[in-house]
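Reading the structure
Next come the chains, spelled out residue by residue.
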Amino acid sequence: MSDNPDKHHDGPPSDPSWFERPGTVRLILWALYIACAGVFVADIAIPKHGPFAIEYIFGFYAIYGFVGCVGLVLAAKELRRLLMRPEDYYDR
């Protein structure tokens with residue numbers, strides 16, 4: 001058996017994968033920002049057929065989705081505090 005250092009998996013890999021490179025992360029984030037802005041601006045051209053007057057406001061669904069997502073994150077943080085167990089819970 002040869003002791004090839006590339007065969008050992010004890011530590012982190014020496015070469016980060018494509019998704020772990022800082023340039024790729026920035027590229028993905030910018031693509032996401034552009035896509036979100038594009039959908040937000042495209043709201044002008046999309047005909048709306050909602051039963052409530054508030055649905056006709058420009059960007060309503062984007063704002064509603066963002067507020068809903070933030071609300072879920074804040075609710076999850078509070079739920080974590082309620083349900084969290086001590087670190088040695090299973091060792092007892």
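It should be noted that the structure appears before, not after, this text.
These notes cover the structure that comes with them.

The rules behind these values
Residues numbered from 1 in each chain as written. Predicted model: local features only at pLDDT ≥ 70, side-chain atom pairs only at ≥ 80, totals over all residues. Heavy atoms only, no water. Helix = DSSP H or I, 4+ residues; strand = E, 2+ residues; numbered from the N terminus. Buried < 20%, exposed > 50% of the residue type's maximum accessible area, 1.4 Å probe, protein only. Patch = residues over 30% accessible without salt bridge, like charges linked within 9 Å, V, L, I, M, F, W, Y side chains within 5 Å. Areas by Shrake-Rupley, 256 points an atom, 1.4 Å probe, with all protein chains shown as cover. Salt bridge = Lys/Arg side-chain N within 4 Å of Asp/Glu carboxyl O.

**Some remarks on the overall build of the chain**
The secondary structure content of the chain amounts to two helices and zero strands. Residues counted as buried form 8% of the 92 residues belonging to the chain.

**Digging into a nonpolar patch on the surface**
On the surface, a nonpolar cluster with roughly 870 Å² of combined accessible area is contributed by F40, V41, I44, F58, I63, F66, V67, V70 and L74. Broken down by secondary-structure element, the contributors of at least two residues to the nonpolar patch are α1 (22-42) and α2 (60-83). Element by element, the count of residues in the nonpolar patch is highest for α2, at five residues.

Geometric values such as these leave the question of function open.
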